[in-house]
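As a plain string of letters, each chain reads:
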Amino acid sequence: MSLDRELVQTTLRTMRGKRIVVVGDFMLDRYIWGAVKRISPEAPVPVVEVSEDQQRPGGAGNVVLNLTSLGANCIPIGLIGNDDNGRELAELLSSQGASPNGLVVSDDRPTTVKTRVISGNQQLLRVDRERTGLAPQAIQDEVMDRMSQSLRGADAVILQDYNKGLLTRTLIRESISLAREKGVPVTVDPKSSHFFDYVDSTLFKPNLREASNALGREIVSDEDVEHACRELKRRLNAEHVLITRGSQGMTILENEHDPVHIGTKPRRISDVSGAGDTVISTITLALVSGLGPEQAARLATMAAEYVVGRVGVVPITPAALLEELQD
């Protein structure tokens, strides 16, 4: 089931103005760019001569960044700290046209910050500042309340889990139940802690490693992946299951159809950071813009191919998708 330029252009136009609620773990990504010209005399480590610092929305914030880059309207729902990093993250989201009013501010839990040091096309180091563990019940209740308020007029909900403790079993199940009750599709990018709590989603999108760990067995061949898709669909009662497979592409199980394997074209991979965010953003928007699951997965594959060829976390754009289609 191929994609032609006219269909992609029509889909991209339809994406504009779609209202997507993103519930999940928001964080701030910092990038320190520089050149390495010598080794430190103090220890056998490279000395980075800094040329540039960047700050971007990370985690679920990168999902928002991808969605707004494709023309959607986003409602971020999550948790930030009452600190400078949280305020900076809120400002960055606001600059992308996404209101930060859905972000709950905590006095006791700092904003998660990931700092990456990059030289040339190589990531040298990542430093994480975070506090994980289950979010207090009061915060979960407030997040659920803001999510409920945001559903009016929503075209889809994305649950973006990074195992930071906000998406608990109760919050996950209540979010899916409330959205489906209102006829709003729910797509899921899971992590291991609550993998099997995402029952009744519209689309469930683990990567190969996550699916393997959750099912407790090695998944290698196409046949293995097909069996995994069917088992996940049955256990989670998901409408569709998409397993991303890195350089091997993706496998989509649509409704009661047979699984379909979608390959990728050979290319140099510069950085896989954020590729999963791009996939869930693109496929969600494509689904609510008229594409079927297989076609939407093919579009998401093209989006992933684009971003892994760039250093750092780079959002997908309509122009980039059309460029990938031309290639």
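Refer to the structure above for everything that follows.
Thresholds, definitions, all that
Residues numbered from 1 in each chain as written. Predicted model: local features only at pLDDT ≥ 70, side-chain atom pairs only at ≥ 80, totals over all residues. Heavy atoms only, no water. Helix = DSSP H or I, 4+ residues; strand = E, 2+ residues; numbered from the N terminus. Rg over C-alpha atoms; globule rule 2.2 N^0.38 Å. Contact = heavy atoms within 4.5 Å. Areas by Shrake-Rupley, 256 points an atom, 1.4 Å probe, with all protein chains shown as cover. Lys, Arg positive; Asp, Glu negative; His and termini not counted. Charge placed at Lys NZ, Arg CZ, Asp CG, Glu CD. Core = buried A, V, L, I, M, F, W, Y, C linked by side-chain atoms within 4.5 Å. Buried < 20%, exposed > 50% of the residue type's maximum accessible area, 1.4 Å probe, protein only. 1 Å grid on protein atoms, 1.4 Å probe; cavity = no way out; pocket = protein on both sides within 12 Å on 5 of 7 lines; lining within 4 Å. Points joined across faces, edges and corners; volume = space filled by probe spheres on them. Nonpolar A, V, L, I, M, F, W, Y, C, P; charged D, E, K, R; others polar. Pairing = 2+ DSSP bridges. Right-handed = clockwise from strand over helix to strand, strands pointing away. Axes fitted to C-alpha atoms, helices over the stretch in contact; angles between N-to-C directions. Expected span 1.5 Å × (residues − 1).

### Things to note about the overall build of the chain
- Secondary structure assignment for the chain yields ten helices and 13 strands.
- Radius of gyration (C-alpha) of the chain: 19 Å, near the 20 Å computed for a compact globule of 327 residues.
- Across its three principal axes, the chain shows a C-alpha extent of roughly 60 × 50 × 40 Å.
- Across the chain, the fraction of contacts at a sequence separation of at least 24, relative to all contacts at a separation of at least 6, is 69%.
- Surface accessibility of the chain: about 14200 Å² in total, with carbon and sulfur atoms responsible for 45%.
- Of the side-chain charges in the chain, 37 are positive and 44 negative, and the distance between the mean point of each set is 1 Å.

### Quick word on the nonpolar core
- Core analysis: the biggest nonpolar cluster contains 50 residues, and I20, V22, L67 and L299 have the highest contact counts within it.
- Looking at which element gives the most residues to this core, the answer is helix 9 (residues 293-308), with ten residues.
- The contact partners of I20, leaving out residues within four places of it in the chain, are L67, A72, N73, C74, I75, D155, A156, I158, L285 and V288.
- Counting 41 residues, the second-largest nonpolar core is a separate cluster that includes V21, V157, A211 and A238.

### Description of empty space enclosed by the protein
- Under the counting rule described, the total for this entry stands at one cavity of 30 Å³ or more.
- Size it by volume and the largest cavity reaches roughly 130 Å³.
- If you trace the largest cavity, you find 14 residues lining it, with F26, L79, R109, T112 and K164 closest to the centre.
- Per element, the largest residue contribution to the lining of the largest cavity is three residues, and it comes from strand 4 (residues 73-81).
- Tallied by class, the residues present in the lining of the largest cavity amount to five nonpolar, five polar and four charged.

### What to know about the environment of A286
- Note on placement: A286 falls in helix 8 (residues 275-288).
- A relative accessible area of 0% means that A286 is categorised as buried.
- For the pair A286 and S2, spaced 284 residues apart in the sequence, the C-alpha separation amounts to 14 Å.
- When near neighbours in sequence (up to four residues on either side) are disregarded, A286 contacts T11, M15, L291, A296 and L299.

### Some details on the pairing of strand 4
- Of all nine residues that make up strand 4, eight are buried, and the element is covered over most of its length.
- Where strand 1 (residues 19-24) and strand 4 come together, five bridges link them in parallel fashion. For R19, the partnering residue across the bridge sits in strand 4 and is N73.
- Strand direction decides the pairing type here: strand 4 and strand 5 (residues 103-106), joined by four bridges, are parallel. Across the sheet, I80 pairs through a bridge with V105, a residue of strand 5.
- In this view, the connection linking strand 4 to its parallel neighbour strand 5 by way of helix 3 (residues 84-95) has right-handed handedness.

### Concerning the sheet that holds strand 3 (residues 46-59)
- Strands sit in the order 3-2-6-7 across an open sheet of four strands; the sheet is mixed. Edge positions in the sheet fall to strand 3 and strand 7 (122-129), since each has one partner strand and no second. Sheet twist, expressed as the mean angle between neighbouring strand axes with direction ignored, is 20°.
- Summarising the sheet, strand 2 (residues 26-39) and strand 3 pair through 13 bridges and their orientation is antiparallel. Paired with Y31 across the two strands is Q54, which belongs to strand 3.
- Sitting on the sheet, helix 2 (residues 60-69) touches strand 2 and strand 3, and the angle it makes with strand 3 is about 75°.
- Across the sheet, helix 3 is in contact with strand 2, strand 3 and strand 6 (112-119); its angle to strand 2 comes to roughly 100°.

### A word on helix 9
- End to end, helix 9 covers 22 Å across 16 residues, agreeing with the expected 22 Å (1.5 Å per residue, within 8%).
- Across the 16 residues that make up helix 9, a large majority, 15, are buried.

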